[in-house]
Amino acid sequence: MDPQGGHYLNKAALLSPLGAARMCQLLLGCTTMSLVAHQAGYSATYGTFCMFVWCFCFAVTLVVFTLDVTRLHGCMPISWDNFTVAYAMLATLMYVTASVVYPVYFLQPQCPAGGCEVRDYRIAVTVCSSVCCFAYGAEVFLTQAKPGHVVGYMATMSGLLKVVQAFVACIIFGALANDSEYNRHVPTQYCVVVYSLCFAVTVVVIALTVSGRTAALRFPFDRFVVIYTFLAVLLYMSTAVVWPVFSFDRKYGTPARPEGCPRGKCPWDSKLVVAVFTHVNLALYITDLVYSQRIRFVSQQP
């Protein structure tokens, strides 16, 4: 038996601030799932989504924590640092969404006829889920790029913004699928093509970075990312104009929300969500482009 076998374990993964953040994520995630399964409950599509978020993030975090402690991540054919920071950013966004969706659809101010126990459990679920957002956010803060440190692309502001852009695009796709009536007009179908194209390229950029395959490309990866981001800004600027016009103008749509439109199944609501998050993603791509240019400028200094 190797007397130095203890070196196979990474003590820093346990005793560092990053290790503490991940242990908090596991503790809060397990608590949230237990509360939901025991008494708080969930139902319908929104509840299933929230439960998926909590289970998925707990499972992936457990794998990440185990691989980091045992140093087995070195056996994986990926860029570990890029993967972990990208996942932490994604988990933060997913937890924020679940922490908003769950109380909106399942937490009522009044106690039901059977008592307040279920409501109290749902309050506890909301609190645990909300606190866990900060645990994942702390990991992003601890692993993001800092002056004087050499890090992977995903740890830079541009890399983190790529994850946010892809997540916002998923929200847009969800609203499009929820009876948004996008197929009524050719211009709105064009918008869907733009959303899909930008999302696909963003995912490819993230996948190439996480897999560590950017060096295998026959063209400069940083230049490709900047050019793509510039084109994405132009495309999203067009959708930011086209979608609201063909959704809310009196000639093509309805300016105000129709009376009696059911909550959760109203096409007007879906169109509004798409319009809002189109402008959100446009702002993200512009910020990404500005930051990318700033990075290039700094890197060219003697």
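These numbers were taken from a predicted model, which means no experiment stands behind them. (Residues numbered from 1 in each chain as written. Predicted model: local features only at pLDDT ≥ 70, side-chain atom pairs only at ≥ 80, totals over all residues. Heavy atoms only, no water.)

Notes on the overall build of the chain
Piece 1. Counting its secondary structure elements, the chain contains nine helices and zero strands.
Piece 2. Secondary structure elements in the chain, listed N-terminal to C-terminal, are α-α-α-α-α-α-α-α-α.
Piece 3. Across its three principal axes, the chain shows a C-alpha extent of roughly 75 × 65 × 25 Å.
Piece 4. In the chain, the proportion of contacts linking residues at least 24 apart, taken out of those at least 6 apart, comes to 78%.
Piece 5. Counting only carbon and sulfur atoms, one obtains 69% of the accessible surface of the chain, whose full area is about 16,200 Å².
Piece 6. When the 19 basic and 13 acidic side-chain charges of the chain are each reduced to a single mean position, those positions are 6 Å apart. (Helix = DSSP H or I, 4+ residues; strand = E, 2+ residues; numbered from the N terminus. Contact = heavy atoms within 4.5 Å. Areas by Shrake-Rupley, 256 points an atom, 1.4 Å probe, with all protein chains shown as cover. Lys, Arg positive; Asp, Glu negative; His and termini not counted. Charge placed at Lys NZ, Arg CZ, Asp CG, Glu CD.)

Points about helix α6 (residues 157–177)
Piece 1. The end-to-end C-alpha distance of α6, which contains 21 residues, comes to 30 Å, matching closely the 30 Å that a straight helix rising 1.5 Å per residue would cover.
Piece 2. Most of α6 is tucked away: 15 of the 21 residues are buried.
Piece 3. Remark: D179 follows α6 within two positions and exhibits a positive phi of approximately 55°. (Expected span 1.5 Å × (residues − 1). Buried < 20%, exposed > 50% of the residue type's maximum accessible area, 1.4 Å probe, protein only.)

What to know about the UniProt feature "transmembrane region" (unreviewed entry) in the chain
Piece 1. With numbering aligned to this structure, UniProt lists the feature "transmembrane region" (unreviewed entry) at residues 43–65, 85–106, 121–138, 150–177, 192–212, 224–246 and 272–291.
Piece 2. Between the C-alpha atoms that bound residues 192–212 the distance is 30 Å, and the span itself is 95% helix and 0% strand.
Piece 3. Annotated as residues 224–246, this span is 100% helix and 0% strand, and its ends, taken at the C-alpha atoms, are 32 Å apart. (UniProt positions renumbered as here; feature names shortened; annotations may be inferred.)

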